[in-house]
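Structural overview
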Amino acid sequence: SQTIHQWPATLVQPVGSPLSLECTVEGTSNPNLYWYRQAAGRGLQLLFYSIGIGQISSEVPQNLSASRPQDRQFILSSKKLLLSDSGFYLCAWSALTSVLYNEQFFGPGTRLTVL
Amino acid sequence: DQQVKQNSPSLSVQEGRISILNCDYTNSMFDYFLWYKKYPAEGPTFLISISSIKDKNEDGRFTVFLNKSAKHLSLHIVPSQPGDSAVYFCAASATTGTASKLTFGTGTRLQVTL
């Protein structure tokens, strides 16, 4: 069965510090990978998605970047965090082609607080 | 522009009764709809989905209804149980390319009381 991991679970960082959040998926190959953010009292906003190694699409302009160095690894980064980067970050995967194409499966999330 | 809307931020239902969560969308290109359940500090869990070629999909206690002409879908939970208390997100996607990009609503917090 497929499993998705995210770490760290929680993170408190000062403004201006760098960020690296990691997501890995097990039990599947060539997944589509996604990064979402849920700000306080808001829905889930798609930040980035990737259909393959090195292929990143950005959905909204922001202070963040994403990379996919391996098939099942997705990294969210920032060089300098802003207060507005605080939120709950979620990684998700979906099958590239199958009846599950539209269904995304989420990791446990990372709670980021920027002070 | 909020393309997927959940206009009720919260809903309280007695145990054993029916819970009805509603969702409206504006983008006519959406052709697949999903419901997710989310507990605090956890990732959303996929519940049930429906393709635009159907108007109903049922899975155990959960049924999703789709009214394409009204651009409206709803999730029915019967009977409601205390463990159903969570935030429910409606999501929609338009099948383009190779990535299923989901657009989420802002969620409805369901509380099932004893």
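So, a few notes on the structure that sits alongside this text. (Residues numbered from 1 in each chain as written. Chains lettered and ligands numbered in written order. Predicted model: local features only at pLDDT ≥ 70, side-chain atom pairs only at ≥ 80, totals over all residues. Heavy atoms only, no water.)

With respect to the overall build of chain A
Along the backbone of chain A there are zero helices and 11 strands. In summary, chain A has a C-alpha radius of gyration of 14 Å against a globular reference of 13 Å for 115 residues, a match within 12%. By its C-alpha atoms, chain A is 40 × 30 × 25 Å across when sized along the principal axes. Looking at chain A as a whole, 50% of its 115 residues are labelled buried. The long-range share in chain A, meaning contacts at least 24 apart out of those at least 6 apart in sequence, stands at 55%. In the form shown here, chain A has an accessible surface area of approximately 5300 Å², with 54% of it arising from carbon and sulfur atoms. Charged side chains in chain A number 7 positive and 6 negative. The centres of these two groups are separated by 10 Å. (Helix = DSSP H or I, 4+ residues; strand = E, 2+ residues; numbered from the N terminus. Rg over C-alpha atoms; globule rule 2.2 N^0.38 Å. Buried < 20%, exposed > 50% of the residue type's maximum accessible area, 1.4 Å probe, protein only. Contact = heavy atoms within 4.5 Å. Areas by Shrake-Rupley, 256 points an atom, 1.4 Å probe, with all protein chains shown as cover. Lys, Arg positive; Asp, Glu negative; His and termini not counted. Charge placed at Lys NZ, Arg CZ, Asp CG, Glu CD.)

Here we look at the overall build of chain B
The secondary structure content of chain B amounts to zero helices and 11 strands. Ordered by position in the sequence, the α and β elements of chain B form the string β-β-β-β-β-β-β-β-β-β-β. Referenced to the eigenvectors of the C-alpha coordinate spread, the extents of chain B come out at roughly 45 × 30 × 25 Å. The buried share among the 114 residues of chain B stands at 45%. Considering only residue pairs separated by 6 or more positions, chain B has 55% of its internal contacts joining residues 24 or more positions apart. Of the roughly 5500 Å² of accessible surface on chain B, a fraction of 49% belongs to carbon and sulfur atoms. Seen as two clouds, the 11 positive and the 9 negative side-chain charges of chain B have centres 3 Å apart.

What to know about the interface of chain A and chain B
The interface is formed by 23 residues belonging to chain A together with 23 residues belonging to chain B. Between chain A and chain B, the buried area comes to about 1800 Å², and carbon and sulfur atoms account for 56% of it. For the interface between chain A and chain B, the tally reads one salt bridge. Where A:Glu59 meets B:Lys101, a salt bridge forms, and the shortest distance between an N and an O atom there is 3.3 Å. Scanning the region where chain A abuts chain B turns up five residue pairs in polar contact (both at pLDDT 80 or more). For the side of chain A that touches chain B, the secondary-structure elements that each account for two or more residues are β4 (32–38), β5 (44–52), β9 (87–94) and β10 (105–106) of chain A. Considering only residue class, the side of chain A that touches chain B consists of 13 nonpolar, seven polar and three charged. (Buried area = accessible area lost by both parts, 1.4 Å probe. Salt bridge = Lys/Arg side-chain N within 4 Å of Asp/Glu carboxyl O. Polar contact = N/O pair within 3.5 Å; in protein donor to acceptor, adjacent residues only side chain to side chain. Nonpolar A, V, L, I, M, F, W, Y, C, P; charged D, E, K, R; others polar.)

Re the environment of A:Cys91
Residues and elements named next belong to chain A. Here Cys-91 is to be found in strand β9. For Cys-91, a relative accessible area of 0% corresponds to the buried category. C-alpha separation for the pair Cys-91 and Gln-2, spaced 89 residues apart in sequence, amounts to 14 Å. Here Cys-91 is in contact with Ile-4, Gln-6, Cys-23, Tyr-34, Trp-35, Phe-105, Phe-106 and Gly-107, once residues within four sequence places are set aside.

Examining the layout of surface pockets
Reported here for the largest pocket is a volume of approximately 640 Å³. Taken together, 23 residues line the largest pocket, and the ones lying closest to its centre are A:Leu44, A:Gln45, A:Leu46, B:Thr103 and B:Phe104. Every element with two or more residues in the lining of the largest pocket is listed here: β5 of chain A together with β10 (102–104) of chain B. By volume, the second largest pocket amounts to about 310 Å³. (1 Å grid on protein atoms, 1.4 Å probe; cavity = no way out; pocket = protein on both sides within 12 Å on 5 of 7 lines; lining within 4 Å. Points joined across faces, edges and corners; volume = space filled by probe spheres on them.)

Topic: the environment of A:Leu112
Residues and elements named next belong to chain A. Mapped onto the elements of the fold, Leu-112 is located in strand β11 (residues 110–114). Relative accessible area serves as the criterion here: at 1%, Leu-112 is assigned to the buried category. Linking Leu-112 and Ala-39, residues 73 residues apart in sequence, is a C-alpha distance of 10 Å. Once you skip the residues sitting within four places of it in the chain, Leu-112 turns out to touch Leu-11, Gln-13, Leu-19, Leu-81, Asp-85, Ser-86, Gly-87 and Tyr-89.

Topic: the nonpolar core
One finds B:Phe33, B:Trp35, B:Leu73, B:Leu75 and B:Tyr88 to be the most contacted residues of the largest nonpolar core, which totals 24 residues. Looking at this core, the elements that each hand over two or more residues are β3 (19–25), β4 (32–38), β5 (45–51), β7 (62–67), β8 (72–77), β9 (86–93) and β11 (108–113) of chain B. Ranked by the residues each element gives to this core, the list is headed by β9(B), at four residues. Here B:Phe33 is in contact with B:Tyr25, B:Ile48, B:Ser49, B:Ile50, B:Ser52, B:Leu66, B:Leu73, B:Ala91 and B:Ala92, once residues within four sequence places are set aside. Listed in part, the 21 residues of the second largest apolar core include A:Leu33, A:Leu47, A:Leu64 and A:Trp93. (Core = buried A, V, L, I, M, F, W, Y, C linked by side-chain atoms within 4.5 Å.)

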